Amino acid sequence: MKALLIGHEFSEGISKKTGKGYAIGRLYAAVKLDSANGNAKGAMGAQYDTTPEIVRSIAHNPLPLEVELEIEEVMRFGNKESRVVGVKPIQRATGTAMKAAA
């Protein structure tokens, strides 16, 4: 899925509460709204969970960045979630976020 990556973050460490390790990554993107009947236009903000390794693999690129996201549907705590399992940079975005997301 193509998206305009507008932010990212990650956190790793040992939980003070449980003593267990954690590794969390998040990507923030503007995703193009597309409807067959023309009722939706523009872009919407989306947040995707991923791993710190994936965030590190693209962190050197300036933002915003047009990317191809490889998304996998996973079950987590009984809920279906979208998780990014791969990111391929397409090009450095130009113009406004809405224009680049189109």
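Residues numbered from 1 in each chain as written. Predicted model: local features only at pLDDT ≥ 70, side-chain atom pairs only at ≥ 80, totals over all residues. Heavy atoms only, no water.

Section: the pattern of salt bridges
Opposite charge on two side chains permits them to pair, given that their charged atoms come into close proximity. Throughout the structure, instances matching the rule amount to three salt bridges. Of the charged contacts in the structure, one is a salt bridge between Arg76 and Asp49, with a shortest N-O distance of 3.9 Å. A residue pair is termed long-range when its members are at least 10 positions apart, and Arg76 in strand S4 (residues 65-76) and Asp49 in strand S3 (residues 43-50) qualify at 27 residues. Given the relative accessible area of 38%, Arg76 is considered partly exposed. Through salt bridges with shared partners, a single ionic network connects Arg26, Asp49 and Arg76. (Salt bridge = Lys/Arg side-chain N within 4 Å of Asp/Glu carboxyl O. Helix = DSSP H or I, 4+ residues; strand = E, 2+ residues; numbered from the N terminus. Buried < 20%, exposed > 50% of the residue type's maximum accessible area, 1.4 Å probe, protein only.)

What about the nonpolar core?
Looking at soluble globular proteins, one finds that nonpolar side chains tend to be buried together. Formed by 15 residues in total, the largest nonpolar core has its most connected members in Leu27, Tyr48, Val67, Leu69 and Val87. Only strand S1 (2-14), strand S2 (21-32), S3, helix H1 (52-58), S4 and strand S5 (79-92) provide two or more residues apiece to this core. Apart from residues lying up to four places away in sequence, Leu27 is in contact with Leu5, Gly7, His8, Ala46, Gln47, Tyr48, Thr50, Val55, Ile58, Leu69, Val84 and Val87. (Core = buried A, V, L, I, M, F, W, Y, C linked by side-chain atoms within 4.5 Å. Contact = heavy atoms within 4.5 Å.)

A few points about the pairing of S1
Relative to S4, S1 runs antiparallel, the two being bridged by four bridges. What sits directly across from Leu5, in S4, is Leu65. Judged from the 10 bridges that link them, S1 and S2 form a sheet pairing that is antiparallel. Paired with His8 across the bridge in S2 is Leu27. Counting the residues in the hairpin turn of S1 and S2 gives six residues, including Gly19, whose phi is positive at 80 degrees. (Pairing = 2+ DSSP bridges.)

Overview of the confidence of the model for the chain
On average, residues of the chain score 86 in pLDDT, and 89% of them are at 70 or above. Considering each helix and strand of the chain separately, the mean pLDDT is smallest for helix H2 (residues 97-101), with a value of 44, and largest for H1, with 95. Taken together, the stretch residues 96-102 has pLDDT below 50 and engages in 12 contacts with residues farther than four places along the chain or on a different chain. (pLDDT = per-residue confidence, 0-100.)

A few points about unusual backbone geometry
Omega for the bond connecting Leu63 with Pro64 falls within 30 degrees of zero, at -5 degrees, which places this linkage in the cis form. Positionally, Pro64 belongs in the loop between H1 and S4. Even without glycine at this site, Phe77 takes up a positive phi of about 55 degrees. Relative accessible area serves as the criterion here: at 76%, Phe77 is assigned to the exposed category.

Observations concerning the side chain of Thr50
Here Thr50 is to be found in strand S3. Here Thr50 falls in the buried class, since its relative accessible area comes to 1%. Setting aside chain neighbours within four positions, we find Thr50 in contact with Ile24, Gly25, Arg26, Leu27, Val55, Arg83 and Val84.

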